[in-house]
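Structural description and commentary
Listed below, chain by chain, are the residues.
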Amino acid sequence: MLKSRLYDALSDLYWGTYGASRWLVDRGPGAALRLFVHEEAPAIMRFRMPLRRRLWLWRHGFLSQADVLYGESGITEDNHHRYLSSYQRDLTQRINGRWGEALENKLLFHHLLDDFPERRPTIHAHLMDGRYTPVDTEETATSGADAADRVLALLDEYRTLVLKPTYGTIGKRILICERVADGYRINGEHRSREEFAARIPDLDDYLVSEFVEQAAYATALYPDAPNTLRVLTMIDPDSGEPFVAAAAHRIGTHRSAPLDNWSRGGLSADIDPETGELGEAVQYPYDGHRERHTSHPDTGAQIAGTAIPGWPAIQEGILDIAANCSQIPYVGWDLVVTGEGEFKVIEGNNCSGVRVFQVHRPLLDDSRVRRFYQHYDAL
């Protein structure tokens, strides 16, 4: 009874102006409570504000962080309708329907790009239940006892591999594995051959993937992480044509390395949609204050004004893929630029985070974007 009352109270506070979210209720009792605790509890101390202000944000569908992230004056009565709220972002999970599974399962997503083999990393194998199963190679499937030997042999050949869970988000449990002169490294931490081999049997439902080498401009921004682009595409419900709704360049830092995840300490740089030139980069406000950088805070590399080489070709390439996957109208593509106009898609996201875009400009200022969300009842 207490749990039910707490659930109802939090729902009324957070989703107040929109009414109870039937979608959240369908996810099972306590969904709103879990979301609230996960997202909002850490923000109570980080983002200090009067309780009245926090309640106002909740009633308008926003978490406390939005007041710092969005705009110099935060979320106001005059501008809140320009931003996709936390509540509305949650509703986007239903846009792709059952096809969302093809984005959430990285092995299925890999095969979704079968028509674009040059645009995806090689997946050497799948690890599950102690079994090493080749994916993109012709080698024979090997027993669990040999799985560690096979991964070690691949590292001897390729020097760097990415081991990542088939399911998972925001970089959790991703292992960047390296073969170095005196042994091995996992996410920068040294391991002996025996220690590395002992880790492999514990990796259940993992992919052994190619490590994609990024273009020189990206390495210059920050060399110790793959610096990826998040490109949000939508299929226009009227014309059936795909378009780029938003794009941001994520850049690693000492805090996020060996990955570039913005929510784990990386930077998000604005991308000029016409030229591909980077604007200011923003770091997630861990101390309660938004930090803006024209140059990298760790390396000193210039960010603002740096141009993504071959940006028009990259946009065209990702739109070609989106058009080929038109049964999935809403995708947040993560890609690594590998050369001028060249890229590889690392993964797709079914319910893309929007903070990485909206920290630069409101999504709903674009009438096409607003119509898309309205069509799928996310507004």
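A brief structural summary. (Residues numbered from 1 in each chain as written. Predicted model: local features only at pLDDT ≥ 70, side-chain atom pairs only at ≥ 80, totals over all residues. Heavy atoms only, no water.)

Quick word on the overall build of the chain
Condition: Here a strand is any run of E in DSSP of at least two residues, a helix any run of H or I of at least four, and the numbering for each starts at the N terminus. Here's how the labels work: a residue is buried when its accessible area is under 20% of the maximum for its type, exposed when over 50%, partly exposed in between, all with a 1.4 Å probe on protein chains only. Using the Shrake-Rupley algorithm and a 1.4 Å probe, accessible areas are obtained, with residue cover drawn only from the displayed protein chains.
When helices and strands are counted, the chain shows 15 helices and 14 strands. Out of the 379 residues in the chain, the part that is buried amounts to 53%. Summed over its atoms, the accessible surface of the chain is roughly 17200 Å², and 49% of this surface lies on carbon and sulfur atoms.

What about the sheet that holds strand β5 (residues 183–186)?
Selection criterion: Between any two strands, pairing holds if DSSP finds at least two bridges. Interaxial angle, 0 to 180 degrees, is taken between N-to-C directions of lines fitted to C-alpha atoms, where a helix line uses only the stretch in contact. Note on definitions: a residue-residue contact is assigned when non-hydrogen atoms from the two residues lie within 4.5 Å.
The sheet built from seven strands is open, its strands ordered β2-β1-β7-β3-β4-β5-β6 with antiparallel pairing. Each edge of the open sheet is held by one strand with a lone partner, namely β2 (131–134) and β6 (189–191). Neighbour-to-neighbour, the strand axes of the sheet open up by a mean angle of 25 degrees, direction not taken into account. The sheet contact formed by strand β3 (residues 160–165) and strand β7 (residues 206–210) spans five bridges and is antiparallel. When the bridges of β7 are listed, V162 appears paired with S209. Contacts from helix α10 (residues 147–158) reach β1 (123–128), β2, β3, β4 (175–180), β5 and β7, with the element oriented near 140 degrees to β3.

Let's talk about the pairing of strand β13 (residues 330–339)
Burial analysis of β13 places nine of its ten residues in the buried class, the great majority of the element. Pairing between strand β8 (residues 229–235) and β13: six bridges, direction antiparallel. The residue bridging L229 from the neighbouring strand is L335, located in β13. Bridge analysis of β13 against strand β14 (residues 342–349) gives seven bridges, and the strand direction is antiparallel. By the bridge assignment for β14, V336 is matched with K344.

Structural notes on helix α5 (residues 51–59)
When we look at burial in α5, the residues that qualify are R54, W56, L57 and W58. One or two positions beyond α5, positive phi appears at G61, with a value near 90 degrees.

Quick word on empty space enclosed by the protein
Going by this rule: Only protein atoms enter the calculation, which uses a 1 Å grid: trapped sets of points that fit a 1.4 Å probe without letting it out are cavities, open sets showing protein on both sides within 12 Å along at least five of seven lines are pockets, and any residue with an atom within 4 Å of a point is a lining residue. Grid points are joined across faces, edges and corners, and a volume is the space filled by probe spheres set on the points. As a working rule, the residues Ala, Val, Leu, Ile, Met, Phe, Trp, Tyr, Cys and Pro are called nonpolar, Asp, Glu, Lys and Arg charged, and the rest polar, with Gly in that last group.
Across all of its chains, the model carries one cavity of 30 Å³ or more by this definition. Considered as a void within the structure, the largest cavity measures approximately 90 Å³ in volume. Lining of the largest cavity is provided by K106, F109, H110, L113, R120, P121, I123, K164, S209, V345 and I346. Residues of the lining of the largest cavity, tallied by class, amount to six nonpolar, two polar and three charged.

Notes on the pattern of salt bridges
Quick reminder of the rule: Salt-bridge detection follows one rule: a side-chain nitrogen of Lys or Arg within 4 Å of a carboxyl oxygen of Asp or Glu.
This model, assessed by the stated rule, comprises twelve salt bridges. R119 is the salt-bridge partner of E342, the closest N and O atoms lying 3.2 Å from each other. With E342 in strand β14 and R119 in the loop between α9 (106–112) and β1, this pair connects stretches of sequence that are 223 residues apart. Taking relative accessible area as the criterion, E342 reaches 41% and is therefore assigned partly exposed. The closest approach of N and O atoms between E210 and K344, which form a salt bridge, is 3.3 Å. Here E210 is found in strand β7, whereas its partner K344 is found in strand β14, with 134 residues between them in sequence. Under the relative-accessibility criterion, E210 is labelled partly exposed at 23%. One salt-bridge network, held together by shared partners, links R230, R250 and D334.

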